[in-house]
Amino acid sequence: MVKLDPWGASQVEDYARLRDEFGIGVLDEAAWSRIPDAHPLFTRGVVFGHRGMDPVLNAIERGDPFGVMTGLMPSGKMHLGHKAVIDQVVWYQNHGADVHVAIADFEAYAARNFTIEQARKLGIEEYVLTYLALGLKPGKSEVYYQSKRSRVKDLAYELGLHVNLNQMLALYGFPDDVKMAKMNAPLMQAADILHVQRAEFGGPRPTVVPVGVDQDPHLRLTRDVAGAVRIFNVTQTQDGKIGVFVKPEKPPRPVKELFDDVGRILRADLGFADLKRNDAYRALYLPAASLSDVPRIDLALAQYESKVLAEHGFFPPASTYHRFMTGLTGEKMSSSRPESSIFITDEPADVKKKLMRAKTGGRATEQEQREKGADPTVCSVYETYLYHVPDAKVLEEVYTECTTGKRLCGECKMQALGLLQTQLKELKEKREAARPLVKEIVSDA
Ligand code: TRP
Ligand code: SF4
């Protein structure tokens, strides 16, 4: 059994197995080919899995509104592994998404022993400046602090009514002496993700949360709780019928009134003429609907719940998972092991030192490498190309030359170094230029 610990050092050996064990969906070429100019992180399989992405891909395809929500825990320096998330966020933004980024200062306080003040400062200096430098544009995008947003804190509290201790233990395996603040962090994160679907932040719509796969427990919790607070459940019954069911024991209005409204929405807005109602069973069936209609029915009803009933009409948030970048030393990249990662703010000389010492897939001798070729799939330098060099031609060249023995690791490292140093230099200039934008994008509440 693979263990996923959002606050620990999860290193994953076998992503396909992980996906199967947790029921994470495959995200491959077939999915991305629906979208023109998919980001290299998607097409190269760095982003390898998802939950519930179909409605998001549909929204991108059709130009419908959709949101991106993600968060950062400011617990150290930002490294190249963190950059992968923001590259995706910027890509989504360029494809029409509205963007919300949480600075998880509460989580850093609860799980990493930072003061709220330290966490806030680190959030801006390390992360927000880099996000702006990487192309995140204010406007339809915002960054906020968990500690300052009442909507999120209130929602985290409310969601607590729908999650019990057994669920928390099953998901996180907390020890007996776990602090309540840390136990609350997942609810805080669920509230981060769901609050962007409240009316004042754009209402129910497809939302994607791009994160590292260690965050999957939080997403499972969030998707469960999003369903738990709903009034309607749209689903396929065992005999294959698509139905709308009223869930709460005491619905906010009589079932008859609710179904009158639902009937109107289904007929007038979604075009389902034939509806079979059974109010006593709190069920309404759509004989002409199929499984693929469920998301759009569910979305329409979530919007109705949100608008008319002023309830938590949350559409299940989607998530995507990227692979962790292996550290240069062969272990996971981590802010706490400087030699394992290249930090965004590293000086060129540091970058050189780290890269030259990096673990490669090279052979013991030059002669052997010339004869047999090397193995890029276990090479941290190759990973640097894979994650941070968008040019497909360069990547292909490195791969072929490496596996056929035309390329030696020393020269390969020098080329990677040149590409990285150029990127980091540019980033440094852009980070400074971005400083005035901080107050435009960071919300005070
Ligand atoms: N827990 C995340 C991390 O450790 C940070 C986070 C907070 C987050 N709120 C979020 C991520 C909402 C995605 C969505 O990095
Ligand atoms: Fe890695 Fe480059 Fe050496 Fe191949 S040649 S193993 S990609 S460093």
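On to empty space enclosed by the protein. Counting across every chain of the model gives 1 cavity of 30 Å³ or more. By volume, the largest cavity amounts to about 100 Å³. At the level of secondary structure, the elements contributing two or more residues to the lining of the largest cavity comprise α16 (380–388), α17 (392–403) and α18 (409–434). When its residues are assigned to classes, the lining of the largest cavity shows 10 nonpolar, 4 polar and 2 charged.

For ligand 2, the full set of nearby residues is Thr360, Gly361, Gly362, Gln369, Ala374, Cys379, Val381, Tyr382, Cys402, Arg407, Cys409 and Cys412. Elements that contribute at least two residues to the shell around ligand 2 include exactly α16 and α18. Its residues assigned to classes, the shell around ligand 2 comprises 7 nonpolar, 4 polar and 1 charged.

Right, let's talk about the nonpolar core for a bit. What tends to happen in soluble globular proteins is that the nonpolar side chains get buried as a cluster. Membership of the largest hydrophobic core comes to 71 residues, with the highest contact counts inside it found for Trp32, Tyr92 and Tyr385. Here this core takes 8 residues from helix α5 (residues 80–94), the largest share from any one element. Here this core gathers at least three residues from each of two domains, domain 1 (15–229 + 315–324) and domain 3 (338–436). Residue contacts for tyrosine 92: discarding those within four places in its chain leaves Trp32, Phe42, Met53, Ile60, Phe66, Val68, Ala97, Val208, Pro210 and Thr320.

What follows deals with the packing of aromatic side chains. In the structure shown here, the tally under the stated rule is 13 aromatic pairs. With a centroid separation of 5.3 Å and 20 degrees between ring planes, the pair formed by tyrosine 172 and phenylalanine 174 is classed as stacked. Phenylalanine 174 carries the same exposure label as tyrosine 172, and that label is buried. Here the basic side chain of arginine 120 rests over the ring of tyrosine 145, its NZ or CZ set 5.4 Å away from the ring centre. The ring of tyrosine 144 has arginine 149 lying over it, and the distance from NZ or CZ to the ring centre is 4.2 Å.

Moving on, we get to the site of ligand 1. Near ligand 1 lie 14 residues; those nearest to it are Gly71, Glu107, Gln189, Asp192 and Gln215. Within the contact set of ligand 1, a nitrogen atom lies 2.8 Å away from a side-chain nitrogen or oxygen of aspartate 192. Contact between ligand 1 and glutamine 215: a nitrogen atom at 2.9 Å from a side-chain N or O atom of the residue. When atoms are counted within 2 Å of each cavity's grid points, the one that captures over half of ligand 1 is the largest pocket. The set of elements that each furnish at least two residues to the shell around ligand 1 consists of β3 (67–72), α10 (180–195) and β6 (207–212). When residues of the shell around ligand 1 are assigned to their parent elements, the largest contribution, 4 residues, is made by β3. Counted by class, the shell around ligand 1 contains 7 nonpolar, 5 polar and 2 charged residues.

Time to look at the pattern of salt bridges. Taken as a whole and judged by the stated rule, the model has 33 salt bridges. In this structure, aspartate 87 and lysine 83 form a salt bridge, with 3.0 Å as the shortest nitrogen-oxygen distance. Highlighted residues: aspartate 87 and lysine 83, both in helix α5, separated by 4 residues, approximately one helical turn. Between aspartate 298 and arginine 230 there is a salt bridge, with its nearest N and O atoms 2.9 Å apart. Highlighted residues: aspartate 298 in helix α13 (residues 294–307) and arginine 230 in the loop between α11 (216–228) and β7 (232–236), separated in sequence by 68 residues. Of the two residues, aspartate 298 and arginine 230, both sit in the buried class.

Here we take up the pairing of β7. Where β7 and strand β8 (residues 242–246) come together, 5 bridges link them in antiparallel fashion. Its bridge partner being in β8, glutamine 236 is matched across the sheet by isoleucine 242. Hairpin connection, β7 to β8: the antiparallel pair is bridged by 5 residues, and glycine 240 has positive phi, about 90 degrees.

Quick look at the packing of helix α7 (residues 116–133) against α18 now. Relative orientation of the contacting elements α7 and α18 amounts to 100 degrees, with a least axis distance of 8 Å. By the angle between their axes, α7 is roughly perpendicular relative to α18. Taking contact as the criterion, the partners of Glu125, Glu126, Leu129, Thr130, Leu132 and Ala133 in α7 are, on α18, Leu427, Lys430, Arg431 and Ala434.

Let's shift gears to the domain arrangement of the protein. What the domain assignment lists for the protein is domain 1 (15–229 + 315–324), domain 2 (232–307) and domain 3 (338–436). On a C-alpha basis, the centroid separation for the pair domain 1 and domain 2 is 29 Å. Both faces combined, the contact of domain 1 with domain 2 buries some 590 Å², and carbon together with sulfur accounts for 63% of it. Between the two partners, domain 1 and domain 2, sit 0 salt bridges.

Take the pairing of strand β4 (residues 98–103) next. Here β4 lies mainly inside the structure; 6 of its 6 residues are buried. Following the backbone out of β3, through α5 and into the adjacent parallel β4, one traces a crossover that is right-handed. Across 5 bridges, β4 lies against strand β5 (residues 141–145) in parallel orientation. Bridge pairing in β5 places histidine 100 opposite glutamate 142.

Reading guide: rules and limits
Residues numbered from 1 in each chain as written. Chains lettered and ligands numbered in written order. Predicted model: local features only at pLDDT ≥ 70, side-chain atom pairs only at ≥ 80, totals over all residues. Heavy atoms only, no water. 1 Å grid on protein atoms, 1.4 Å probe; cavity = no way out; pocket = protein on both sides within 12 Å on 5 of 7 lines; lining within 4 Å. Points joined across faces, edges and corners; volume = space filled by probe spheres on them. Helix = DSSP H or I, 4+ residues; strand = E, 2+ residues; numbered from the N terminus. Nonpolar A, V, L, I, M, F, W, Y, C, P; charged D, E, K, R; others polar. Near = heavy atom within 4 Å. Core = buried A, V, L, I, M, F, W, Y, C linked by side-chain atoms within 4.5 Å. Buried < 20%, exposed > 50% of the residue type's maximum accessible area, 1.4 Å probe, protein only. Domains from an automatic or database assignment. Contact = heavy atoms within 4.5 Å. Phe/Tyr/Trp six-rings, centres within 6.5 Å; stacked < 30°, edge-to-face > 60°. Lys NZ or Arg CZ within 6 Å of the ring centre and 35° of its normal. Polar contact = N/O pair within 3.5 Å; in protein donor to acceptor, adjacent residues only side chain to side chain. Sits in = over half its atoms within 2 Å of the grid points. Salt bridge = Lys/Arg side-chain N within 4 Å of Asp/Glu carboxyl O. Pairing = 2+ DSSP bridges. Axes fitted to C-alpha atoms, helices over the stretch in contact; angles between N-to-C directions. Parallel < 35°, antiparallel > 145°, perpendicular 65-115°, else oblique. Buried area = accessible area lost by both parts, 1.4 Å probe. Right-handed = clockwise from strand over helix to strand, strands pointing away.

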